[in-house]
Amino acid sequence: MRLSTEQLQAGWLHPSRIVRNAVAGFFTDTFTTDPEITALAIRGVQEFGWERFLTWDYKVAKLPLADEAALEWVCGELERTDEAAPSKNLAWHLTAMLAGAEIALVARHQDRLLAVPHLGPRERHAIETRLALVDCAPAEAWRRLEDHCRHATGAQTFAEARIPEAELLLEPLVRAGTESVARVMDVLQSPPPESDGDDPAEWLTGLMITLAGRLRLEEAAAAIWKLMSIDWDWYEGECMEALKRIGTPAVVNVARAYYQAAPWSTRLQAACLFADIRCDESVAAIAEAVRDERDDDLRARLGVAAASHFDDRLVPLARSVFAEDPSDPERGDMREPLIAFSYLSGQDFPERDEWERDVNELDDRMRGLGDPDSSPLAAAFLERVRAEAEDEHDDDDDPADLELGDWNDDDATRIERGSVIGRNQPCPCGSGKKYKRCCLPAGRG
């Protein structure tokens, strides 16, 4: 059977970094809301230190921040100046964790949060905006959200549409609970036809995908799955996250029903859902898909999905898929969860010691690359990510000066339409896609 939550929680403090990595991936991939998981991760950092705790230490910042002790600890880590302080990259993620903390915590500690080191303009703006929306009624949030979508149609890049700011308006609707369900479902079940991006309903539909995920609306699973067929990376990413957040057997059953007849890319998406939604329906779906799947890459992804369940019903299947081609890097991803399962369940595998040596060697290489303070390549990557985050705000506007949902007509008319590529023209990057569905969302071209 599947490892229990208690067995997996114990993995946060396991001596093997491989086990800690696998457990961190499990809880972040399933969008846990349990503050006890955050407390265990903090204990892990305190015991092992940031340098040794996880290969990808930013995963700690993906956990929920919902109690006083955890918030105080994160603030304290950002205030450290000793050699064991978080790296610049990790500090950036931790400030984002603070900006997304439970709103009652933010309200009680706003002065402390706004003074914390490394806090960037985007995170500061998110904190201030969330506080301003605490008393926002759902009807007002809807009005401002629709107004935002109407003005977003004038944007020539995804960054200019200011979607991260619009997403802040979803918080009052989440707090209202079931009050908005009927309206969300109406939008999701009646999406606009694919147009040139000038229909406010296109933008509202994308935001309703996000809201359905945050509300964990199981009844929205089928509608969200259908929306993944629309050729827009934004929709695809939001659909996948929403379905994982909903995370119920109903989601798995929708993906399973379409798997056999679906195109390659859709089967890949289904395999990802089977991996991250841990339930008996996923166990059956993975076994069924592996039995009939002939594509080598998809078999590898299904093998990873099988290993990721920490379930002895799927472990033999994962090991057999790995054995088909042990040199395949995709299949290599199965080793970490299988090693973790072996340690946490007490079941030994003959391959475990060899796999552990190989994974640790690769791990050490990755960690050397991933420190932006010592690697020019990692530093360049971090600088690009930060630049993309800052580009989500208009170049001429300081985020702190923007009042969410209240657009000035000059914001739309300032764009020089004649100097940009048409939304429906072929993308100049040569991908063969329309510009609006390729480089436009990233603000390139």
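If you're wondering where the values come from, they're calculated on a predicted model, not measured in any experiment.

Section: the overall build of the protein chain
Looking only at helices and strands, the protein chain has 26 helices and 0 strands in total. For the protein chain, the proportion of its 445 residues judged to be buried stands at 52%. If you take every contact in the protein chain between residues at least 6 apart in sequence, the share linking residues at least 24 apart comes to 71%.

Examining the packing of aromatic side chains
Applying the stated criterion across every chain, the model contains 17 aromatic pairs. For the ring pair Trp203 and Trp232, a centre distance of 5.3 Å and an interplane angle of 80 degrees mean the geometry is edge-to-face. Separated by 29 residues along the polypeptide, Trp203 in helix α14 (residues 200–215) and Trp232 in the loop between α15 (221–227) and α16 (233–246) bring together distant segments of the chain. Accessibility assignment for this pair places Trp203 and Trp232 in one class, buried. Relative to Trp234, the ring of Trp203 lies with its centre 5.7 Å away and its plane at 40 degrees, an arrangement referred to as tilted. Residue Trp203 is found in helix α14, and its partner Trp234 is found in helix α16; the two are separated by 31 residues along the sequence. Residue Trp203 shares its accessibility class with Trp234, and that shared class is buried. Taken together, the aromatic side chains of Trp12, Phe26, Phe27, Phe48, Phe53 and Phe310 make up a single cluster linked through ring pairs.

Describing the pattern of salt bridges
This model, assessed by the stated rule, comprises 30 salt bridges. Put simply, Arg150 and Asp147 hold a salt bridge, and the shortest N to O gap is 2.5 Å. Highlighted residues: Arg150 and Asp147, both in helix α10 (residues 138–152), separated by 3 residues, approximately one helical turn. The partner of Glu324 in a salt bridge is Arg299, and the shortest N-O contact between them spans 2.6 Å. Pair noted here: Glu324 is in helix α21 (residues 315–324) and Arg299 is in helix α20 (residues 296–307), with a separation of 25 residues, a long-range link. Judged by its relative accessible area of 41%, Glu324 falls in the partly exposed class.

With respect to the packing of helix α2 (residues 17–29) against helix α23 (residues 335–345)
Two elements in contact, α2 and α23, have axes separated by 8 Å at closest approach and are oriented at 105 degrees. One way to sum up the angle between α2 and α23 is to call them roughly perpendicular. Here Ile18, Val19, Asn21, Ala22 and Val23 of α2 come into contact with α23, specifically with Glu336, Pro337, Ile339, Ala340, Tyr343 and Leu344. Per-class residue counts for the contact of α2 with α23 are 9 nonpolar, 1 polar and 1 charged.

Quick look at the confidence of the model for the protein chain
Here the protein chain shows a mean pLDDT of 86. Residues at 70 or above account for 81%. When pLDDT is averaged over each element of the protein chain, helix α3 (residues 35–48) comes out on top at 98 and helix α26 (residues 409–413) at the bottom at 38. Confidence over residues 392–403 falls short of pLDDT 50; this stretch has 23 contacts with residues more than four positions distant or in other chains. Under a pLDDT of 50 for its full length, residues 405–423 has, in the predicted model, 40 contacts with residues more than four places off or in other chains.

A closer look at the nonpolar core
As a rule of thumb, soluble globular proteins bury nonpolar side chains together. If you look at the biggest cluster of nonpolar residues, it comprises 130 residues, and the most contacted ones within it are Trp12, Leu145, Leu188, Met208 and Ile224. The leading source of residues in this core is α14, at 8 residues. Setting aside its immediate chain neighbours within four residues, Leu188 contacts Thr205, Met208, Ile209, Ala212, Ala220, Ala223, Ile224 and Leu227.

Each value, and the rule that gives it
- Residues numbered from 1 in each chain as written.
- Predicted model: local features only at pLDDT ≥ 70, side-chain atom pairs only at ≥ 80, totals over all residues.
- Heavy atoms only, no water.
- Helix = DSSP H or I, 4+ residues; strand = E, 2+ residues; numbered from the N terminus.
- Buried < 20%, exposed > 50% of the residue type's maximum accessible area, 1.4 Å probe, protein only.
- Contact = heavy atoms within 4.5 Å.
- Phe/Tyr/Trp six-rings, centres within 6.5 Å; stacked < 30°, edge-to-face > 60°.
- Salt bridge = Lys/Arg side-chain N within 4 Å of Asp/Glu carboxyl O.
- Axes fitted to C-alpha atoms, helices over the stretch in contact; angles between N-to-C directions.
- Parallel < 35°, antiparallel > 145°, perpendicular 65-115°, else oblique.
- Nonpolar A, V, L, I, M, F, W, Y, C, P; charged D, E, K, R; others polar.
- pLDDT = per-residue confidence, 0-100.
- Core = buried A, V, L, I, M, F, W, Y, C linked by side-chain atoms within 4.5 Å.

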